Amino acid sequence: MIAVNPTDVPSPFGDYSHAVLAGSLLVTSGQLAVTEGEPVPNDVGRQAEICFEHIHRILHAVDMGFEHVIRFNAYVTRREHMPLYMEVRDRVLAHFAVKPASTLMIVSGFTRAEFLVEVEAMALRGTSTDPQSRS
């Protein structure tokens, strides 16, 4: 197994990796809307965008992209946040013919009250949801 902690993603809050690559399988930790030197936005959509930006950077660090994602798990703190999160996720995946599996749950909260959404991904090298890819 290989720990994946890209330098362009803020460090994890604790003693864990942003992702682990085990053979061809990449599993990310939940990503939150943490940025260097900026406050956490109070907008669910913007928080979701930051989560997906972090996931993109993690994927890129191991020469993968969103086309390799086979599953997203996401968590929001309020039912009203679901459409805003889904709008961002759907925009990220808009040009893929095959969409990854996806779970969205409502939770009571995260480590800090200002976090409204958390997203994790599972990706598999050698597969692709890109209709142009034959890998």
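To be clear, the structure that these remarks concern was listed above.
Residues numbered from 1 in each chain as written. Predicted model: local features only at pLDDT ≥ 70, side-chain atom pairs only at ≥ 80, totals over all residues. Heavy atoms only, no water.

Colleague: Explain helix 1 (residues 44-61) to me, using residue names and the numbers behind them.
Modeller: With 18 residues, helix 1 ought to run about 26 Å at 1.5 Å a step, and its terminal C-alpha atoms sit 26 Å apart, in line with that. Among all positions of helix 1, only V44, G45, Q47, A48, I50, C51, F52, H54, I55, I58 and L59 are buried. Turning to helix 1, the residues buried within the fold contact strand 1 (2-4), strand 2 (19-22), strand 3 (25-28), strand 4 (69-76), helix 2 (82-92) and strand 6 (117-124). The N-cap residue of helix 1 is D43: its side-chain oxygen and the backbone nitrogen of G45 are 3.2 Å apart. Among the residues trailing helix 1, D63 stands out with phi positive, at a value near 60 degrees. (Helix = DSSP H or I, 4+ residues; strand = E, 2+ residues; numbered from the N terminus. Expected span 1.5 Å × (residues − 1). Buried < 20%, exposed > 50% of the residue type's maximum accessible area, 1.4 Å probe, protein only. Contact = heavy atoms within 4.5 Å. Polar contact = N/O pair within 3.5 Å; in protein donor to acceptor, adjacent residues only side chain to side chain.)

Colleague: Could you give an account of the side chain of T28, naming the residues involved and the relevant values?
Modeller: Along the chain, T28 turns up in strand 3. At 2.8 Å, the side chain of T28 and the backbone nitrogen of A121 are in polar contact. Here T28 is in contact with H18, A19, I58, E120 and A121, once residues within four sequence places are set aside.

Colleague: Can you tell me about the packing of helix 1 against helix 2, naming the residues and giving the values?
Modeller: Where helix 1 meets helix 2, the closest approach of the two axes is 8 Å, and the angle between their N-to-C directions is 40 degrees. When the axes of helix 1 and helix 2 are compared, the pair comes out oblique. Crossing angle aside, the handedness with which helix 1 passes helix 2 is right-handed. Along the contact surface, helix 1 presents V44, G45, A48, E49 and F52, while helix 2 presents L84, Y85, V88, R89, R91 and V92. Across the contact of helix 1 with helix 2, the residue classes tally to seven nonpolar, one polar and three charged. (Axes fitted to C-alpha atoms, helices over the stretch in contact; angles between N-to-C directions. Parallel < 35°, antiparallel > 145°, perpendicular 65-115°, else oblique. Left-handed = near helix turned anticlockwise from the far one by under 90°. Nonpolar A, V, L, I, M, F, W, Y, C, P; charged D, E, K, R; others polar.)

Colleague: Can you tell me about the pairing of strand 4, naming the residues and giving the values?
Modeller: For strand 4, the buried fraction is high: six of the eight residues fall into the buried class. In this structure, strand 4 lies alongside strand 6, joined through seven bridges in antiparallel fashion. Paired with A74 across the two strands is V119, which belongs to strand 6. Pairing of strand 4 with strand 5 (residues 101-106), which is carried by six bridges, proceeds in the parallel orientation. (Pairing = 2+ DSSP bridges.)

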